[in-house]
Amino acid sequence: MTARDPDQSNDARLTGHDAGSQPAPRPVKSVGGGKDDGTLIEDPGKRAPLILGDRSFGDVTDIVCGYAEAPIPKPWLALFTITSSIAAVGTGMILYLIITGVGVWGLNNQVDWAWDITNFVFWIGIGHAGTLISAILCLLKQNWRTAVNRSAEAMTIFAVVCAGIFPGIHVGRVWFAWMLFPIPNSNGIWPNFRSPLLWDVFAVSTYATVSLLFWYMGMIPDLATLRDRAQLRRARGLSRPFAIPMPIGTDIVVPFLPRPDTIRSFAYGIASLGWRFSSRHWHRYEKAYLILAGISTPLVLSVHSIVSFDFATSILPGWHTTIFPPYFVAGAVFGGFAMVLLLLIPIRAVLPNFSDLLTLRHLENMAKIILVTGTMVGFAYSMEFFIAWYGANQFEFEAFANNRVNPNVAPYWWAYWTMITCNVLSPQVFWIRRLRQNPLVIWLVALAVTVGMWFERFVIIVTSLHRAFIPGEWHMFFPTWVDILTFVGSCGIFATLFLLFLKFLPVFALAEVKVVMPQSHTSDDH
Amino acid sequence: MSTIDQCPSTKGTLDIPDSPAKLAQMSGKPVWRSPEEFAGDDSFRGFVEREFPGGASVLDDTNRRSFLKVMGASLALAGAATVPGCRRPDRKILAYSKNVPEEIIPGRAMYYATALPLPGGGAEGLLVECHTGRPTKVEGNPLHPNNQGKSSAYAQSIVLDLYDPDRLKYPEYENPSRGKVAATWDDFKFWAHEHFSGYDANGGRGLAFIAEKVSSPTQARLQSELMAKWPNAKWVGWNPAEQRGEIEGSRLAFGAPHHARYRFEKTERVLSVECDFMSEGPDELYHSRGFAGTRKVMNAGDSMSRLYTVESRPTATGSMADHRFRLNPGQMAAFIGAIAREMGIDAPGPAVNGIEARHIAAIAKDLTDHAGSSVVVPGPGLAPEAYAMAMAINDRLGAIGSIVELFAIDDAMASDAAADLAALTADLNAGTIDTVVCLNANPVYDAPGAMGFGSAFAKAKTRVTLTVGQSETAGASTWSLNGAHTLEAWGDVAGTDGTLSAVQPMIAPLFEPAMSAIELLGFFADHANTDARDGYALVTATWAGRTNTTTDNQGFKKTWRRVLHDGLLAGSGSRPERASARTAQISGAFGAYKHPQLPANAALEAVFYTVRHNDGRSAANAWMQELPEFGSTVVWDNPVYLSPMTAKSLGLLPEHSRLDEYNPYTKQQMPQARLATLTVDGQAMDVAVWILPGMADNVLGIKLGFGRTETGRVGNNAGFNTYTIKPAGMTAGGAKIERSSGTYTIASTQNHWSLGPDSQSSRDESRHTIVRAMDKPWWDKYGDKVETVEDKIYGTPAASLTIAEQIGELSHTPANISSYDNPMNRSPEDAAVPPAGVKHSDALKRDMPAPYSQGPQWGMSIDLNACSGCGVCTVACQSENNIAVVGKSEVAKGREMTWIRVDRYFVGEELNNPEEMLIQPVACVHCENAPCEVVCPVNATVHGPEGTNNMAYNRCIGTRYCANNCPYKVRRFNFFDYAQAKLNGGLDPNYVSTGIANAYDEHVGSDRRNNQNMIPPRLRKKVEEIGKMQFNPHVTVRSRGVMEKCSYCVQRVNQGRQDAKISGTWSEADQIAPIADGLVLSACQQACPTGAISFGDILDQNSQVSKEKDSHRTYLLLGYLNTRPRTTYMMRVRNPNADIRAIESDPLAHHGGHGDDHDDHGGDSGTEHDDHGGESHSSAYIDGVKKYTDNGYAMSLNVLGTS
């Protein structure tokens, strides 16, 4: 591969070259501001660059498309093998559950929800960052979002997929789960519209639909680029034959199978819905994008509010709390951003050219969001506790003091304090600039927050349930191996889907990234 | 066959045979419609098809065959539910289709009276509910003097024994060369005739009988017949858990053995000494009813009895006590002596260590002060001298004859079973016995361990055992004979008072042929006659013989029919004897009595006991296995119970538990029982040890009847066979226990030892609100008063709070007065018929009848003063509502399915010595404002127009949200297909680590079982169909993944409504009259021996339930949640003796405000104000009225710390 002229015109994009080729890194032009790459500039008069490496438009295209077109890398294959095996175990657990009964989990008549709904709320929460970044930051014209929005949206979709599994399989009779939907039937029985679980069905399915549309629609031009590049390679005879990736050694070439570029031009061609890069297309695309952003924005608030109603509208001490809707939304954004960071920081480290598009500035911005939302969540924890005491409801105070906080009497004190440590204390390191600019620190905090957010849901669900009003029916919850493997399996499903996304789809929104590049603003000084 | 050929005549001439082919018959003669049919010609079918084309031509041959297959399968299934008996189909199944008995109404159950012989004598009269010939549910016979319509848990459970698929199904013979082989009864009779003829010559020398001790006149007659025939034969009446104290004690006191029954309804003061008269013994139902009647105070100032109990382990009676004292059994005699001395009876003996002398004096004074209405109830297991002394006290108190009813015990029943068996064992060992016949006795399992009966038994050449289920003795016999169950055979039984009852079969023996014990005895008496006399002939012969008549006598026949209808012979009960205690002899014997030494850690005292008549016979009964034991709530097991302090000092506290915790779960682990080696009477065994608050220190509570090895899948290896260490009696001193390695999982429904009100912590309030209790002086003071609280916030009408409502959480939360009319809220206030012209409207502003004004509106009231926690309601509900049994490992996970559970709380500061035990049965309370209904996403739990909260099982998808939102936690989820699973008491490997399990195997000799539920259903062994015969056809069998809960026995409600409609006493349109109170009885209400549960129409002002709801003792459980439960609880009133403990401080002063307004309800200012200073919550509330109306005011004071 050869280094090309940075000022290569847009035509160069259409010429096509070797699948998977990456442009060479370029020396960084110092912008001034202390750090060598200039992204962490603090000078209010200057704007930190969002794209590093003095990239041309073509370079950006090559970077993003190159990864999607490259032969399957061995580490990817290894990871994919692991994650898909875990996903298979998870699927096996789900099948076992459906065949045998919900009792394979550790639930009992006092703790009727435990890991199932914990996982559901956890994954739904993860799914919040994507839409927040795509929609709200889009409407607020936060340009830095362009580097992360595609992957965050993908993460949202996959998290919602994982989230959707749990309410589906946790019901006792999975084969009747369709009764949740308002389907006219001969008995004239409708779902109970007073039930928050039904609101969940609508909220989550709406959210999943809109997020999927948003993600897919944003991807159409980039899919078309991939299609065009594949077709050009075919036309120029640059296409490689199909090769079965082997974990060790060389890939096995199978000449009689269609070439990957043939498959690509077919698959991306169908997926890109006939996109021709015409101005009319772009015009309509921009409008639709804005409209979808507008639709998604209230969904960011509504979904987790409604999920929180599962708890807030109940009468159980520890659940029956009016603070839940904002607190859950803040927690979801918190957990979602943590997951974005958890995934992108390693990718950035592994794929060097990505760090030109996803800079330290992005990480720092997201760290700041983690700090803000983490503090909001911490405030919510303390308000919950305060109201439990101030409200003078003995049962509610018990639910907090004796079921969660006090290590002497609360069996789940460790879960509560894990949650506090991970969610409230760990993000506080971001007050120190050096730490919030260190990818390793950010990653560790993101990991802690992800763990902490899982525990937050566990604490809310299990510690409130295991000792409620009548002591005669108190029971502990002990997870079984099926509980654990189902959750691990859902992580496997998530990781598998995300790996597939990384390999086969454009990870950055090309057009949007290009819009925030300096070249786009030569005549527009603002 | 072709259907194209339209004309049969084109097929040629029909050859008409002389005799018809297979034809339908009518009035015994063949009928035919045509010559073709007569000839059996195929063409006839073609003709028929043209005649009935819609029905016959649609299906071609293959389809018709599959249709028939499906029909056949569904008929077979339907047959399983409708055919009388669940045997292989025989010709009898045609009975209903051909000639339906006139009295049978399809879908209606038939009730037949019978009686249940109790182990060791006595009887319960039963009414058995039969659906198309199969008994499904047992109820008490209202005519029987013992039950009076109530029943015990044991009686409820027998119907499950009947359908046990593991019952012995045919005789088995142990062939010397081939081992056990299946045989027939004819084989047996042939063999027996030959074998027993040999004994005719020598008068039965070398022959021995071991028969279960039951008070059956026919068995007694046949016994004497046999003994006359074979005078040299041995006869042992066997009762493994025999208590000798009563027999020997009454022999000492009155000169002859007597059974004592007590008329508690006449008592004001009761002292129970080591006697669980409420839940043990043949008269438990009689006693429960009588005693509970003296506790049902309705108004302030109502008289109420006072109960003192002195006992070594927590019992249901102890939970009812106003004063409960723990005392080791060895000191019971000393205690009775001390009481006697206080009363001036000569009773030399040591002082009591553990009960203060002033308390003894106070008890004695209280009893003496109420002479004539006070009684001492000695336990049947006391030392005879102590028992006799107690009777001397009763004599002094004037109780004998009036309160204490004495009934003579005949010699056969008074025989010393253990001594007789020991003598037989000696004979067996000496080789003088070569044939042993066991009749419903299982001595190989339940003989005292040191006796070594099992090895002696094997020395007899011929061993014949009749058993209803399976038994260890049958397994060790040369002939094991399948016996007929009580519900399958004729018999008779006398109650403790001599009331004669007939035992009549409800169903032919399921594993026919089978014999009952009397039939087998009858066969032995006349073994030449292979057509054995059946039970009916034997019983009628006995009864006719008693009146010197014959069975043909018309008068006898009439009486007999009456007996079969009533279930008993009216007036056959003997009059209580008017004996007086021989005080001088008693004093002499008492002085000579050698009191046992005080137990210590190195020499513990062991108390053996059985629960619910289960001496091992109910081991195969999953209902009894899963019925939580009183106090410990342990199921499927019999760990040895120790008091917490004793366990601590011996190092036997359960792993992961600490004594100073009210809940030991802070370590995230299930408490695990320690395994220990227990040595009693020179025999050692490994057992699990569990702690039980309320046990006397240094006493081992050892439950019998577990650890069976041959009883079927259900009971095998559940628990420990403690008979192996049992001495001849039921108590033993000098026991040793030492920790061995390993732990053991104990499953209990309340697996924590929750202490109740604890003044040190905030837990105080929440516990207080759940089980409310109050000392009687305060009840007398406030019981009739109502505090009216005006609601200043919303301006809505005032709330009035009774005393019971005030002592709960309402004293801390504003009165629950809604600011708007919620159409879903329907409460008694709404029920008032509106004045003319006023119309209620619903949410849509449609004119409506006043909500909740149309009857019936169902409700329930549970009287905590009457409930003893015996658990009968749980089994009755299980039986009525087809509730699944889940097994030990599932209970350990907290998944028991019982719809009504009995919660128990220990009260006090000290775990080792709780002040009292509070009992509270909780089932679905049927909230009018039900939290479960709102959250169900599929409308599977909805409200009925009669105020019940209903489950639509078909609609339920099992989100379990309802259970989460239920504050009472009464909903039960089918985590697995429990109804289909065959369960054992096995251990779940999830709860036992491999090492421990191996240790368990090694120590206890049991195999480790997996939780079968975890195995996917298709890979699991199928249940035998016979188990399904028990199901009540009026109640759905719930599938996996469905939520269930108490339905207020909706099937009974519907039946009752239909009956009322048919009888014309009630109709929906014009409310002629309410549905008569008592027409609908819920299963729990019907079984409850104390009448603690009442259920009925709460709009009917005359119904028992509405009267109870009007009582000021009534409160709403968690009422502040505004759930408006239809089940209400009646506060418990204690009647303490002020000389023994101080009356508790004024409950209203403690929980509410005090000050000027206090006089509004208090009236007089006095002693109750004394201890306000120490209370923790008084500062929060300044103004007693304002506390209800302005919580902001109160809160601000609280926050500011102002007082």
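Just so it is clear, the model here is predicted, and its values are computed rather than measured.

K.L.:
Lay out the overall build of chain B in plain terms, naming residues and giving numbers.
P.N.:
Looking only at helices and strands, chain B has 41 helices and 44 strands in total. The long-range share in chain B, meaning contacts at least 24 apart out of those at least 6 apart in sequence, stands at 72%. For chain B, the exposed area adds up to about 44,300 Å²; of that, 52% sits on carbon and sulfur atoms.

K.L.:
Break down helix H4 (residues 115-126) of chain A for me, with residues and values.
P.N.:
Residue and element names in this part refer to chain A. Across its 12 residues, H4 extends 16 Å between first and last C-alpha, which sits within 8% of the 16 Å expected from 1.5 Å per residue. In terms of burial, H4 is a largely internal element, 12 of the 12 residues being buried. Residues Trp115, Asp116, Ile117, Thr118, Asn119, Phe120, Val121, Phe122, Trp123, Ile124, Gly125 and Ile126 constitute the buried set of H4.

K.L.:
Describe the pairing of strand E3 (residues 110-117) of chain B, listing the residues and the values that go with them.
P.N.:
Residue and element names in this part refer to chain B. Burial analysis of E3 places 6 of its 8 residues in the buried class, the great majority of the element. Relative to strand E4 (residues 123-131), E3 runs antiparallel, the two being bridged by 8 bridges. Within the sheet, the bridge partner assigned to Tyr111 lies in E4 and is Glu129. Counting the residues between successive antiparallel strands, the hairpin from E3 to E4 contains 5 residues, one of them, Gly120, with a positive phi of roughly 85°.

K.L.:
If you had to explain unusual backbone geometry to someone new, which residues and values would you point to?
P.N.:
Residue and element names in this part refer to chain B. In this chain, Glu512 is followed by Pro513 through a cis amide linkage whose omega measures -5°. Checked against the element boundaries, Pro513 lands in the loop between strand E20 (500-503) and helix H20 (517-525). Positive phi, normally seen in glycine, also occurs at Arg612, with a value near 50°. Positionally, Arg612 belongs in the loop between strand E21 (604-609) and helix H24 (622-625). According to the relative accessible area criterion, Arg612 is buried, its value standing at 11%. If you check the backbone angles, Asp681 has positive phi at about 55° while not being a glycine. Mapped onto the elements of the fold, Asp681 is located in the loop between strand E24 (673-680) and strand E25 (683-691). The class of Asp681 is partly exposed, set by a relative accessible area of 39%.

K.L.:
Tell me what's going on with helix H23 (residues 583-592) of chain B, and back it up with residues and numbers.
P.N.:
Residues and elements named next belong to chain B. Along H23, the residues classified as buried are Ile586, Ser587 and Phe590. What you see down the axis of H23 is that its buried residues fit within an arc of 100°, all on one side. Of the exposed residues in H23, those oriented more than 90 degrees away from the buried face are Ala584 and Ala592. In this fold, the buried residues of H23 make contact with helix H9 (245-254), helix H12 (332-342) and helix H14 (384-397).

K.L.:
Now, about the interface of chain A and chain B: what can you tell me, with residues and values included?
P.N.:
With 73 residues of chain A at the interface, the matching set in chain B holds 75 residues. When the two sides are added together, the surface that chain A and chain B hide from each other amounts to roughly 6,300 Å², 55% of it contributed by carbon and sulfur. When the buried surface of chain A facing chain B is broken down by residue, Asn109, Arg173 and Ile470 of chain A rank first, second and third, together holding 11% of it. Across the contact surface, chain A and chain B share 3 salt bridges. Residue Arg960 of chain B pairs with Asp116 of chain A through a salt bridge whose shortest N-O separation is 3.0 Å. Linking chain A with chain B are 33 residue pairs in polar contact (both at pLDDT 80 or more), by the criterion used here. Broken down by secondary-structure element, the contributors of at least two residues to the side of chain A that touches chain B are helix H3 (74-100), helix H7 (196-236), helix H9 (279-312), helix H12 (360-390), helix H13 (394-405) and helix H14 (413-425) of chain A. It is H3 of chain A that provides the largest number of residues to the side of chain A that touches chain B, a total of 5 residues. A class-by-class count of the residues in the side of chain A that touches chain B yields 44 nonpolar, 21 polar and 8 charged.

K.L.:
Residues and numbers for the pairing of strand E17 (residues 462-467) of chain B, please.
P.N.:
Residue and element names in this part refer to chain B. Among the 6 residues that make up E17, 6 are buried, leaving the element largely enclosed by the rest of the structure. Side chains of E17 alternate between two faces, with Thr462, Val464 and Leu466 and Arg463, Thr465 and Thr467 buried alike. Sheet analysis places strand E16 (residues 435-439) next to E17, joined by 5 bridges and oriented parallel. Directly across from Val436, in E17, lies its bridge partner Arg463. In the sheet, E17 pairs with strand E18 (residues 479-482) via 4 bridges, with the strands oriented parallel. Each residue of the ladder has a partner; that of Leu466, found in E18, is Leu481.

K.L.:
An account of the packing of helix H6 (residues 149-170) of chain A against H7 of chain A is needed here, citing residue identities and associated values.
P.N.:
All names here are of chain A. Running from amino to carboxyl end, H6 crosses H7 at an angle of 145°, the nearest separation of the two axes being 10 Å. As H6 packs across H7, the resulting crossing turns out to be left-handed. Facing Arg150, Glu153, Ala154, Thr156, Ile157, Phe158 and Val160 of H6, the residues of H7 in contact are Val204, Tyr207, Ala208, Ser211, Leu212, Phe214, Trp215, Gly218, Met219 and Asp222. Here the residues of the contact of H6 with H7 are counted per class, giving 11 nonpolar, 3 polar and 3 charged.

K.L.:
Hey, could you go over the pattern of salt bridges for me, with residue numbers and the actual values?
P.N.:
All chains considered together, the criterion is met by 59 salt bridges over all chains. Between Arg324 of chain B and Glu311 of chain B there is a salt bridge, and its shortest N-O distance comes to 2.6 Å. Of the two residues, Arg324 of chain B is situated in strand E13 (residues 323-326) and Glu311 of chain B in strand E12 (residues 306-311); the sequence distance between them amounts to 13 residues. Looking at Arg324 of chain B, the relative accessible area reads 14%, which means it is buried. Since its relative accessible area comes to 2%, Glu311 of chain B is described here as buried. Taken together, the salt bridges that share partners define one network made up of Asp62, Glu69, Arg229, Arg233, Asp261 and Arg264 of chain A.

K.L.:
A description of the nonpolar core should follow, citing residues and the corresponding values.
P.N.:
Trp123 and Phe337 of chain A together with Leu700 and Tyr968 of chain B are the most contacted members of the largest nonpolar core, which totals 320 residues. The biggest single contributor to this core is helix H10 (residues 324-350) of chain A, with 16 residues. Setting aside its immediate chain neighbours within four residues, Leu700 of chain B contacts Leu604, Glu605, Ala606, Val607, Val640, Tyr641, Leu642, Leu678, Met695, Ala735 and Ile737 of chain B. Counting residues in hydrophobic clusters, the runner-up holds 63 residues, among them Tyr308, Ile339, Ala362 and Ile586 of chain B.

Criteria and thresholds
Residues numbered from 1 in each chain as written. Chains lettered and ligands numbered in written order. Predicted model: local features only at pLDDT ≥ 70, side-chain atom pairs only at ≥ 80, totals over all residues. Heavy atoms only, no water. Helix = DSSP H or I, 4+ residues; strand = E, 2+ residues; numbered from the N terminus. Contact = heavy atoms within 4.5 Å. Areas by Shrake-Rupley, 256 points an atom, 1.4 Å probe, with all protein chains shown as cover. Expected span 1.5 Å × (residues − 1). Buried < 20%, exposed > 50% of the residue type's maximum accessible area, 1.4 Å probe, protein only. Pairing = 2+ DSSP bridges. Arc of directions from axis to C-beta. Buried area = accessible area lost by both parts, 1.4 Å probe. Salt bridge = Lys/Arg side-chain N within 4 Å of Asp/Glu carboxyl O. Polar contact = N/O pair within 3.5 Å; in protein donor to acceptor, adjacent residues only side chain to side chain. Nonpolar A, V, L, I, M, F, W, Y, C, P; charged D, E, K, R; others polar. Axes fitted to C-alpha atoms, helices over the stretch in contact; angles between N-to-C directions. Left-handed = near helix turned anticlockwise from the far one by under 90°. Core = buried A, V, L, I, M, F, W, Y, C linked by side-chain atoms within 4.5 Å.

These values are about where atoms sit, not about what they do.
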